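# Overview (structure and organization)
Residues per chain, in single letters:
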2 protein chains.
Amino acid sequence: MRIGQLAQLVGVETQTIRFYEQQGLLPPPDRQDNGYRVYTERHVEGLAFIRRCRILGLSLAEIHELQSYQDDPHQPCTAVNALLDDHISHVRSQITALQALEKQLVSLRASCNDDREVEACGVLAGISEGNMHQQ
Amino acid sequence: MRIGQLAQLVGVETQTIRFYEQQGLLPPPDRQDNGYRVYTERHVEGLAFIRRCRILGLSLAEIHELQSYQDDPHQPCTAVNALLDDHISHVRSQITALQALEKQLVSLRASCNDDREVEACGVLAGISEGNMHQQ
DNA sequence: ATTGACCTTATAGTAGCTTTATAGTTTAAA
DNA sequence: TTTAAACTATAAAGCTACTATAAGGTCAAT
Ligand SMILES: [Zn+2]
Ligand SMILES: [Zn+2]
Ligand SMILES: [Zn+2]
Ligand SMILES: [Zn+2]
């Protein structure tokens, strides 16, 4: 199968596939005489794996790490589990930070109703005053 | 005041100040004969405003928009409030997405205890199987 | 005279693609 | 058969918000 078919099958753009190949996440496929890439079922699986990892928010580096574990299937899987644990705590701290941010934004927004002039806008005043606690 | 003093006062790096100037967020200051930038109190306020906006998660484009409102102080402030509302809903949708993600990751993690081989790792199997719903 | 701290510009790197430019190949319609 | 659409290729730039590096000019003190 050629790159366009693979792209459609997995639901990515062709450039993304070339990009993953360039980044070492997808093995370089064979080429036809005209230089066109030829993909196999293993590439479909590999690409789908990458995409599902991306949907889970894993970075390309983390995906690369997972792949290296897959290449050595008789190791204990503690490292895989640890990678996921790290990622989960990463996601959790993002959530916490965003929730604090939301609170701050909502209280800022509450300091203005509409029907004012910019000059007297509670939002702009709130930002300009700067009695904010970081983070 | 020169760029280093401004940087220290507001708590950013000098390159960041030049970057904001280049991006049109901070007005170009006067120069000494030797080419050194000379800043005034207005630059201090302007830079502090930018930084507080950044802490609130506003993009440079959004900050630029806010500045354009400030330049026209007798307009009604509805646009300012609307910008903040948009930003809040943006933040909220990020939170929602991350919470869904966390749930997915936690359930994936629960499908493996340690003490398995990579071959049998519940996490890797869970990703490879691909019975995930997007987003 | 030379060290060190400061300033200048220009350029590249970060993440994960997307977009653009330019060009060659295949396939189908006219 | 010609030609146009659709596909492929590579290389390079663009996106965000900086950060880092390089190579050099300026200034005060030693
Ligand atoms: Zn992660
Ligand atoms: Zn307002
Ligand atoms: Zn926003
Ligand atoms: Zn496991």
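The rules we used
Residues numbered from 1 in each chain as written. Chains lettered and ligands numbered in written order. Predicted model: local features only at pLDDT ≥ 70, side-chain atom pairs only at ≥ 80, totals over all residues. Heavy atoms only, no water. Helix = DSSP H or I, 4+ residues; strand = E, 2+ residues; numbered from the N terminus. Rg over C-alpha atoms; globule rule 2.2 N^0.38 Å. Buried < 20%, exposed > 50% of the residue type's maximum accessible area, 1.4 Å probe, protein only. Contact = heavy atoms within 4.5 Å. Areas by Shrake-Rupley, 256 points an atom, 1.4 Å probe, with all protein chains shown as cover. Lys, Arg positive; Asp, Glu negative; His and termini not counted. Charge placed at Lys NZ, Arg CZ, Asp CG, Glu CD. Least-squares fit on C-alpha atoms with pLDDT ≥ 70 in both. Near = heavy atom within 4 Å. Polar contact = N/O pair within 3.5 Å; in protein donor to acceptor, adjacent residues only side chain to side chain. Nonpolar A, V, L, I, M, F, W, Y, C, P; charged D, E, K, R; others polar. Donors = N, O, S within 2.8 Å, 3.2 Å for Na, K, Ca; no water. Tetrahedral: all angles 85-135°; square planar, octahedral: opposite > 155°, others 65-115°.

When its secondary structure is counted, chain A shows six helices and two strands. In chain A, the succession of α and β elements from N to C terminus is α-α-β-β-α-α-α-α. Taken over C-alpha atoms, the radius of gyration comes to 24 Å for chain A, far larger than the 14 Å a tight globule of 135 residues would show. Oriented by its inertia axes, the alpha-carbon framework of chain A measures out at about 70 × 40 × 20 Å. Burial status across chain A gives 39% buried among its 135 residues. Across chain A, contacts joining residues at least 24 apart in sequence account for 42% of those joining residues at least 6 apart. For chain A, the computed accessible surface area is about 7800 Å², with 47% contributed by carbon and sulfur atoms. For chain A, the separation between the mean place of its 12 positive charges and that of its 18 negative charges on side chains is 5 Å.

So, about the relation of the copies chain B and chain A. Each of the two chain copies can be generated from the other by rotation about an axis followed by a shift along it. Superposing chain B onto chain A takes a rotation of 180° combined with a translation of 0.0 Å along the rotation axis, leaving an RMSD of 0.3 Å. This pairing of chains is accounted for by a two-fold axis. Relative to the rotation axis, the C-alpha of Ile 95 of chain B is the closest in chain B, positioned 2.8 Å from it. When the interface residues of chain B are mapped onto chain A, 100% of them again lie at the interface, so the same face is used by both copies.

Residues in contact with DNA strand C amount to 19 residues; listed here are only the nearest, Gln 15, Thr 16 and Arg 54 of chain A together with Gly 4 and Arg 18 of chain B. When atoms of DNA strand C within 4 Å of the protein are split into backbone and base, the sugar-phosphate part holds 81%. In this structure, a phosphate oxygen belonging to DNA strand C sits 2.9 Å away from a main-chain N or O atom of Arg 37 of chain B. Within the residue set of the surface near DNA strand C, elements represented by two or more residues are α2 (14-22) and α3 (41-55) of chain A together with α1 (3-10) of chain B. In terms of residue count, α2 of chain A provides more of the surface near DNA strand C than any other element does, four residues in total. The class makeup of the residues in the surface near DNA strand C is six nonpolar, six polar and seven charged.

All names here are of chain B. For the zinc ion (ligand 3), the full set of protein donor atoms is Glu 62 (OE), Glu 62 (OE) and His 87 (ND1), at a range of 2.1 to 2.7 Å. With a gap of 25 residues between them, Glu 62 in helix α4 (residues 60-70) and His 87 in helix α5 (residues 78-110) connect regions that are remote in the sequence. Accessibility assignment for this pair places Glu 62 and His 87 in one class, buried.

Around the zinc ion (ligand 4), the protein contributes the donor atoms Cys 77 of chain A (SG), Asn 81 of chain A (OD1), Cys 112 of chain B (SG) and Cys 121 of chain B (SG), which lie 2.2 to 2.5 Å from the metal centre. Here the zinc ion (ligand 4) is ringed by four donor atoms whose angles at the metal span 100 to 121°, and the overall shape comes out tetrahedral. One end of the pair, Asn 81 of chain A, is in helix α5 (residues 78-110); the other, Cys 112 of chain B, is in the loop between α5 and α6 (122-129), on a second chain. Each member of the pair, Asn 81 of chain A as well as Cys 112 of chain B, carries the same accessibility label: buried.

With that out of the way, let us pick up the protein's contact with DNA strand D. The full set close to DNA strand D counts 18 residues, and Gly 4, Arg 18 and Arg 37 of chain A together with Arg 51 and Arg 54 of chain B are the nearest of them. The share of sugar and phosphate among atoms of DNA strand D within 4 Å of the protein is 79%. Measuring from a phosphate oxygen of DNA strand D, one finds a side-chain N or O atom of Arg 31 of chain A at 3.0 Å. For DNA strand D, a phosphate oxygen lies 2.6 Å from a polar atom in the side chain of Arg 54 of chain B. Going through the elements one at a time, α1 (3-10) of chain A together with α2 (14-22) and α3 (41-55) of chain B are the ones with two or more residues in the surface near DNA strand D. Considering every element that reaches the surface near DNA strand D, the biggest residue donor is α2 of chain B, with four residues. Of the residues assigned to the surface near DNA strand D, the class counts are six nonpolar, six polar and six charged.

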